[in-house]
Amino acid sequence: MDVIESRVETRSDEYRANYEHMEKLVAELKSELAKAREERSATARARNAELGKLTVQQRLGCLLDPGTPWLEVAPLAAHGMYDGKVYSAGTRAGIGVVGGREVMVTANDPMIKGGTIYPMGVKKSLRCQNIALENRLPYVSLIDSGGAYLPLQSEVFPDADDGGRIFYNQAWFSKLGIPQICAVMGLCTAGGAYIPAMSDHVVHVARTGAIFLGGPPLVRAATGEEVSAEELGGADVHCRLSGVSDYLAEDDAHACQIVRDIMAALPPARKAQIARREPRPPRYDPHELWGVVPRKLSTPYDVRELIARLVDGSEMLEFKALYGPTLVCGWAYIHGYQVGILGNNGVLFSESALKATQFIQLCDRQGTPLLFLQNIAGYIVGKEYERRGITKDGHKMVHAVATATVPKLTVIVGASFGAGNYGMCGRGYSPRFLWMWPNAQIGVMGGEQAADVLISVKSDQLARTGQEPLQPAMIEAIRRPIIDAALKEGNAFYSTANLWDDGILDPATTRDVLGLAIAVTLNAPLEGRDQGQGVFRM
Ligand code: COA
């Protein structure tokens, strides 16, 4: 394989300016992540301690095998939503190692409104279940939740993808043989009660844990009966009388130990086999990505400069290097795992789309995971290109991406606009994981372009009806809100708040995250996949 030779001048002013720009974005990201992890009210902290409970961070510390990596999922979900303090949508989630097995872990945070489930919390739970399903990961839930966040009950309850879907999925996990282990660490009310009920193993913490369909406040409201949480659904009731819970734990730490024992007793994972090599660091320091990525999305640069800082030995076997040059395709290794990489080097033309289609099919046949480095303004437009069939060639690429059965991973490293998002495996194309870099933007098109389209439509309309053309002030009145909205709603924080991605990554840690993610995807078998295609438009 050829080593990618970098042409980036790391002592140039441009590099320095890019570096400082990304440094600021990453510092903002880290500060928001720290807040999400730690910022809780003194009252909530005191209440948690008074009840003898560990914090979510401490619970994770007890649960996860020491010294093993933790791949957090959507830590900034619900960022800036509600009162701005429903950190991580009220639920910490991630993939960690427990008893030697990779598992999906979710943990309600009782210090955020009693661990209640907000609409984004439902969306996050469903996303985590989807990750576990696609990657065949056992699922551990540390439950401590007052159930639905009642002021927003209409947004968490009635629809197909609302709360009920979580328990529906749990039934299917059980049917598919995906182990589900639940530790009851607080009051599990209503919806919260169904999670243990639908799990394979239920560990119940004495005194602080309780399970009931209606908690004491609801029982009081419904029947007038005064009953304590312990009498209604405490550990003794469920371990001794009802049989709802299977293992009695003395406290949170003991519960985590029991979960670890259950995990260790599961049969070992049989990992799918893909091409592997001895892992090697890239020749170029991944930290240099801060200086490589331009400050403006519109500044072109060679995606090979990113690949050189992500892959083992900075080596890649490039496929069709001279054909369709606006898309770079090639085979490389990340932490020793073979991947097929597709990275944008400009807008997608027919040739680049056809090259992508062929490359994806090759990777799919040989069982090589696909990595999409997405920085795309869209497919080329215009009379000539329509006549040459850009729409049908784009279709082939989108079709191949949609139906590829190998694990797909996507990192949005810059722009993610229009159908380019589809062809480069955006969220709708079921990548096993999708992350954004902090500089990334997502939307149907950039704000400037969207404003131009609307101004053009308005001008045509005025001309058609014989009215005065648009004056500069009117143009600005159309342009400004569109650009402002696109900037706000297209940025990485907005995307991650809405769970359009699995998190924002520091470019410098992306290689390590990808290595972990590929290892996770191999929990699902690769053999027996249906590699047939639909009909390609020729
Ligand atoms: N919806 C909205 N907010 C809720 C809530 C719910 N279901 N349950 C609790 N909260 C809020 C409380 O109003 C309080 O808010 P504040 O901090 O702004 O005052 C916060 O969560 C913590 O509640 P508190 O009762 O002080 O804490 P706790 O640790 O003593 O008890 C619960 C937490 C969740 C066990 C308890 O509040 C409870 O039983 N809630 C009702 C549960 C229920 O019946 N749910 C049915 C919904 S399906």
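Everything below is about the structure shown above.
Residues numbered from 1 in each chain as written. Predicted model: local features only at pLDDT ≥ 70, side-chain atom pairs only at ≥ 80, totals over all residues. Heavy atoms only, no water.

1. Regarding the nonpolar core
So, step 1. Core analysis: the largest hydrophobic core is formed by 91 residues, its most contacted members being Met104, Ile307, Leu342, Leu370 and Leu373.
So, step 2. Beyond its immediate sequence surroundings of up to four residues, Leu342 is in contact with Leu327, Val328, Cys329, Ala356, Phe359, Ile360, Leu370, Leu371, Phe372, Leu373 and Met424.
So, step 3. Ranked by size, the runner-up nonpolar core spans 23 residues in total, among them Val56, Val140, Val203 and Met263. (Core = buried A, V, L, I, M, F, W, Y, C linked by side-chain atoms within 4.5 Å. Buried < 20%, exposed > 50% of the residue type's maximum accessible area, 1.4 Å probe, protein only. Contact = heavy atoms within 4.5 Å.)

2. Notes on the packing of helix 18 (residues 447-464) against helix 19 (residues 472-490)
Two numbers describe a pair of packed helices, the interaxial angle and the distance between the axes.
So, step 1. Following both chains from N to C, one finds helix 18 and helix 19 inclined at 150 degrees, their axes separated by 8 Å at the closest point. It follows from the interaxial angle that helix 18 and helix 19 lie roughly antiparallel. As for how helix 18 packs across helix 19, the hand of that crossing is right-handed. Where helix 18 approaches helix 19, its residues Gly447, Glu448, Ala450, Ala451, Asp452, Leu454, Ile455 and Lys458 are matched on the opposing element by Ile475, Ile478, Arg479, Ile482, Ile483 and Ala486.
So, step 2. When grouped by side-chain class, the residues that make up the contact of helix 18 with helix 19 number nine nonpolar, one polar and four charged. (Axes fitted to C-alpha atoms, helices over the stretch in contact; angles between N-to-C directions. Helix = DSSP H or I, 4+ residues; strand = E, 2+ residues; numbered from the N terminus. Parallel < 35°, antiparallel > 145°, perpendicular 65-115°, else oblique. Left-handed = near helix turned anticlockwise from the far one by under 90°. Nonpolar A, V, L, I, M, F, W, Y, C, P; charged D, E, K, R; others polar.)

3. Let's talk about the pairing of strand 12 (residues 337-344)
So, step 1. The buried fraction of strand 12 amounts to eight of the eight residues, a majority that puts the element mostly inside the structure.
So, step 2. The side-chain alternation of strand 12 yields two buried faces, one formed by Tyr337, Val339, Ile341 and Gly343 and the other by Gln338, Gly340, Leu342 and Asn344.
So, step 3. Note: strand 11 (residues 327-334) against strand 12, eight bridges, orientation antiparallel. Bridging from a neighbouring strand, Val328 pairs with Gly343 of strand 12.
So, step 4. As consecutive antiparallel partners, strand 11 and strand 12 are separated by two residues, and within that stretch His335 has a phi angle of approximately 45 degrees, a positive value.
So, step 5. The pairing of strand 12 with strand 13 (residues 370-376) spans four bridges and is parallel. (Pairing = 2+ DSSP bridges.)

4. Thoughts on helix 3 (residues 56-63)
So, step 1. Looking at helix 3, one finds that the buried residues are Val56, Arg59, Leu60 and Leu63. Buried residues of helix 3 fall within an arc of 100 degrees about the axis and therefore sit on the same side.
So, step 2. As for helix 3, its buried residues are in contact with strand 3 (91-98), strand 4 (101-108), strand 5 (139-145), strand 6 (180-189) and helix 11 (252-264). (Arc of directions from axis to C-beta.)

5. Re the environment of Pro481
So, step 1. Along the chain, Pro481 turns up in helix 19.
So, step 2. Each C-alpha atom, one on Pro481 and one on Gly447, is 9.1 Å from the other, the two residues being 34 residues apart in sequence.

6. A look at the pairing of strand 4
So, step 1. For strand 4, the tally of buried residues reaches eight of eight residues, placing the bulk of the element in the interior.
So, step 2. Here strand 3 runs beside strand 4; their pairing, made up of eight bridges, is antiparallel. From the neighbouring strand, Gly94 faces strand 4, where its bridge partner is Val105.
So, step 3. A loop of two residues connects strand 3 with strand 4, the two strands running antiparallel in sequence, and Gly99 in this loop sits at a positive phi of about 60 degrees.
So, step 4. Relative to strand 5, strand 4 runs parallel, the two sharing four bridges. Looking at strand 5, one finds that Thr106 is bridged to Ser141.

7. Notes on the side chain of Arg511
So, step 1. Within the secondary structure, Arg511 is located in helix 21 (residues 510-521).
So, step 2. From its side chain, Arg511 meets the backbone oxygen of Arg280 in a polar contact 3.0 Å long.
So, step 3. With residues near it in sequence (within four places) discarded, Arg511 still touches Arg280, Pro281, Pro282, Pro286, Leu310, Val311, Asp312, Ile334 and His335. (Polar contact = N/O pair within 3.5 Å; in protein donor to acceptor, adjacent residues only side chain to side chain.)

8. Structural notes on the site of the ligand
So, step 1. Taken together, Arg47, Lys113, Gly114, Thr116, Gly146, Ala148, Tyr149, Leu150, Pro151, Leu187, Thr189 and Ala190 make up the full set of residues near the ligand.
So, step 2. In the model, an oxygen atom of the ligand is placed 2.8 Å from a nitrogen or oxygen of the Arg47 side chain.
So, step 3. With respect to the ligand, the backbone of Leu150 contributes an N or O atom lying 3.0 Å from a nitrogen atom.
So, step 4. Here the ligand has 870 Å² of accessible area as a free molecule, and 60% of this is covered by the chains. (Near = heavy atom within 4 Å. Areas by Shrake-Rupley, 256 points an atom, 1.4 Å probe, with all protein chains shown as cover.)

9. What about the packing of helix 3 against helix 11?
So, step 1. Interaxial distance between helix 3 and helix 11 falls to 8 Å at its minimum, and their mutual angle equals 40 degrees. As judged from the angle between their axes, helix 3 and helix 11 are oblique. Two packed elements cross with a definite hand, and for helix 3 against helix 11 that hand is right-handed. Counting all contacts with helix 3, which are made through Arg59, Cys62 and Leu63, the residues of helix 11 involved are Asp252, Ala253, Cys256, Val259 and Arg260.
So, step 2. Along the lines of polarity and charge, the residues of the contact of helix 3 with helix 11 split into five nonpolar, no polar and three charged.

10. Details of the side chain of Arg260
So, step 1. By secondary structure assignment, the location of Arg260 is in helix 11.
So, step 2. Classification of Arg260 as buried rests on a relative accessible area of 18%.
So, step 3. Excluding residues that lie within four positions of it along the chain, Arg260 makes contacts with Cys62, Leu63, Leu64, Asp65, Val98 and Gly99.

11. Digging into unusual backbone geometry
Note: most residues except glycine have negative phi, and most peptide bonds are trans.
So, step 1. In this model, Ala78 sits at a positive phi of 65 degrees, which is unusual for a non-glycine residue.
So, step 2. Taking the relative accessible area as the measure of exposure, Ala78 reaches 2% and is therefore buried.
So, step 3. In this structure, His335 takes a positive phi of about 45 degrees despite not being glycine.
So, step 4. Structurally, the position occupied by His335 is in the loop between strand 11 and strand 12.

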